[in-house]
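Remarks on the overall topology
Next come the chains, spelled out residue by residue.
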Amino acid sequence: MQSRKELKKQKKTKKKWKYLWIIIGVLLVGLLIYGLYFYNKLNDTVDTMYTPLDSDGEKEDEIKDRLSNKDTINVLLLGVDEREGDRGRSDTMMFLSLNPDTEEMLMFSIPRDTRVNIPGRGEDKINHAYAFGGAELSVQTVEEFLDTTIHFYSKVNMEGLKDGVDALGGVTINNERAFSYEGHDFPEGEITLNGDAALSYARERKQDSRGDLGRNDRQQKIIDAIIQEGMSFESFTKVDSILTTVGDNVETNLQMNEMRQLFLDYRGTRDKTIREEIQGSGQTIGNGWYYVVPNEEQQRIQSVVEEHMNKK
């Protein structure tokens, strides 16, 4: 038979466990509520961003098959400098190819002054495609130039880039060339940038001996840093501000289920980035200055894309 002291101790232990289960229950309910809130907030943001292209219907079956089979997916990122009353031009065109078999991401920028054939418009600078026909014509032009399919696109307002970086709490990059621009100093080595500094870092090209190519490298560094920071655990604590910023500044033809599949099946590709650079030379043709890519170089970059997509 248990003593009074033992019974009292047993009651205290039961009471402690009772409080513990209550606390656990409250935490679980809180997490469930937060999860539902997060899911609804994410759904609202995706609905706000969703801007399909006329050509999406033609690619629908191919995209479904590729996502289902975990085949390589190509994405075009458009950084657009928009002004009031003007559609603007694509200040940045970045091609990403995600191969989950090799867990590699092929990444390169297309210099904005590259002379290409714009469907229905003829020879012109590639960044003019956006001014002529928005994301639709930009995608068509890049597809023709690279002889491949763009499965998804994302258009980002460059002014909104700084809001996105600030929402993440800044990004850290390794800077290879010290310079100053727009009131910001960028020393060599590892530096952390807020949104305003990141935008300046991505835009400067006048002081760079490599011009647009140097700027393209810096833009890729910023994109890389945003991807890495965005996938970190700490970013989940900033979900409200991140989603609000994304919803206000991004347009894409990605839908919720496609984003989910990319996150689950393709996120390993961010760990290994293969960088390429399109070689060409500056030439004055007529009254304009162009970045002219020789046919041999265009064929080389097309082969790089094709080999990456088929690599197992």
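Up top you'll find the structure we're talking about.
Read on for a plain summary of the structure. (Residues numbered from 1 in each chain as written. Predicted model: local features only at pLDDT ≥ 70, side-chain atom pairs only at ≥ 80, totals over all residues. Heavy atoms only, no water.)

Observations regarding the overall build of the protein chain
Of the regular secondary structure elements, the protein chain holds nine helices and 14 strands. In the protein chain, which comprises 312 residues, the proportion classed as buried is 46%. When the accessible surface of the protein chain is split by element, carbon and sulfur atoms take 51% of a total near 17100 Å². (Helix = DSSP H or I, 4+ residues; strand = E, 2+ residues; numbered from the N terminus. Buried < 20%, exposed > 50% of the residue type's maximum accessible area, 1.4 Å probe, protein only. Areas by Shrake-Rupley, 256 points an atom, 1.4 Å probe, with all protein chains shown as cover.)

Some details on the pairing of strand 5 (residues 122-125)
With four bridges joining them, strand 4 (residues 115-118) and strand 5 adopt antiparallel strand pairing. Following the sheet pairing, Val-116 is matched in strand 5 by Asp-124. Between strand 4 and strand 5, which pair antiparallel and follow one another directly, the connecting turn spans three residues, one of which, Gly-120, has a positive phi of 80°. (Pairing = 2+ DSSP bridges.)

So, helix 2 (residues 56-69)
For helix 2, built from 14 residues, the straight-helix expectation of 20 Å at 1.5 Å per residue is met to within 8% by its first-to-last C-alpha distance of 19 Å. Along helix 2, the sharpest change in direction is near 30° and occurs at Glu-62. Of all the positions in helix 2, only Asp-56, Lys-59, Ile-63, Arg-66 and Leu-67 are classed as buried. Following helix 2 by one or two positions, Lys-70 has its phi on the positive side, about 60°. (Expected span 1.5 Å × (residues − 1). Bend = angle between axes of the 7 residues up to and from the residue.)

Regarding the environment of Val-139
As for its position among the elements, Val-139 is in helix 3 (residues 128-146). Those residues in contact with Val-139 that lie beyond four places of it in its chain are Leu-53, Lys-59, Leu-76, Ile-150 and Tyr-153. (Contact = heavy atoms within 4.5 Å.)

Observations concerning the nonpolar core
Core analysis: the largest hydrophobic core is formed by 30 residues, its most contacted members being Phe-108, Ile-110, Val-142 and Leu-146. Top contributing element to this core by residue count: helix 3, with eight residues. Not counting the four nearest positions on each side in its chain, Phe-108 is found in contact with Met-93, Met-94, Phe-95, Leu-146, Gln-220, Glu-276, Ile-278, Ile-301 and Val-305. (Core = buried A, V, L, I, M, F, W, Y, C linked by side-chain atoms within 4.5 Å.)

Overview of the packing of helix 4 (residues 158-168) against helix 5 (residues 195-203)
Across the interface, helix 4 lies against helix 5 with an axial gap of 7 Å and an inter-helix angle of 135°. The angle between helix 4 and helix 5 falls in the class oblique. With respect to the hand of their crossing, helix 4 and helix 5 are arranged in right-handed fashion. Taking contact as the criterion, the partners of Met-158, Glu-159, Leu-161, Lys-162, Val-165 and Asp-166 in helix 4 are, on helix 5, Gly-195, Asp-196, Ala-198, Leu-199 and Arg-203. In terms of residue class, the contact of helix 4 with helix 5 is built from five nonpolar, one polar and five charged. (Axes fitted to C-alpha atoms, helices over the stretch in contact; angles between N-to-C directions. Parallel < 35°, antiparallel > 145°, perpendicular 65-115°, else oblique. Left-handed = near helix turned anticlockwise from the far one by under 90°. Nonpolar A, V, L, I, M, F, W, Y, C, P; charged D, E, K, R; others polar.)

With respect to the environment of Asn-253
Among the secondary structure elements, Asn-253 is positioned in the loop between strand 11 (250-252) and helix 8 (256-266). Separated by 101 residues in the primary sequence, Asn-253 and Phe-152 place their C-alpha atoms 6.1 Å from one another. Those residues within four positions of Asn-253 in sequence are excluded, and the remaining contacts are Tyr-50, Thr-51, Pro-52, Leu-53, Asp-56, His-151, Phe-152, Tyr-153 and Glu-258. One polar contact links Asn-253 to Asp-56, side chain to side chain, over a distance of 3.1 Å. (Polar contact = N/O pair within 3.5 Å; in protein donor to acceptor, adjacent residues only side chain to side chain.)

Digging into helix 5
The element helix 5 is extensively covered by neighbouring structure, given that eight of its nine residues are classed as buried. Taken residue by residue, helix 5 has Gly-195, Ala-197, Ala-198, Leu-199, Ser-200, Tyr-201, Ala-202 and Arg-203 as its buried positions. Capping the start of helix 5 is the job of one residue whose side-chain oxygen sits 3.3 Å from the backbone nitrogen of Asp-196: Asn-194.

Overview of the pattern of salt bridges
Summed over the entire model, instances satisfying the criterion amount to 16 salt bridges. For Glu-251, the salt bridge is made with Lys-155, and the minimal N-O distance between the two is 3.7 Å. One end of the pair, Glu-251, is in strand 11; the other, Lys-155, is in strand 6 (residues 152-157), and 96 residues separate them in sequence. Judged by relative accessible area, Glu-251 falls into the partly exposed class, the value being 31%. On the basis of relative accessibility, which here comes to 5%, the residue Lys-155 falls in the buried class. Residue Glu-297 is joined to Arg-300 by a salt bridge in which the shortest nitrogen-to-oxygen separation is 2.9 Å. (Salt bridge = Lys/Arg side-chain N within 4 Å of Asp/Glu carboxyl O.)

Thoughts on the packing of aromatic side chains
Per the stated rule, a full pass over the model turns up four aromatic pairs. Taking the ring centre of Tyr-201 as reference, the NZ or CZ of Arg-218 above it sits at 5.9 Å. (Phe/Tyr/Trp six-rings, centres within 6.5 Å; stacked < 30°, edge-to-face > 60°. Lys NZ or Arg CZ within 6 Å of the ring centre and 35° of its normal.)

Focus: the environment of Glu-60
Secondary-structure assignment places Glu-60 in helix 2. Relative accessible area serves as the criterion here: at 40%, Glu-60 is assigned to the partly exposed category. Sequence separation between Glu-60 and His-151 is 91 residues; the distance between their C-alpha atoms is 8.9 Å.

Geometric descriptors of this kind do not, in isolation, establish any biological role.
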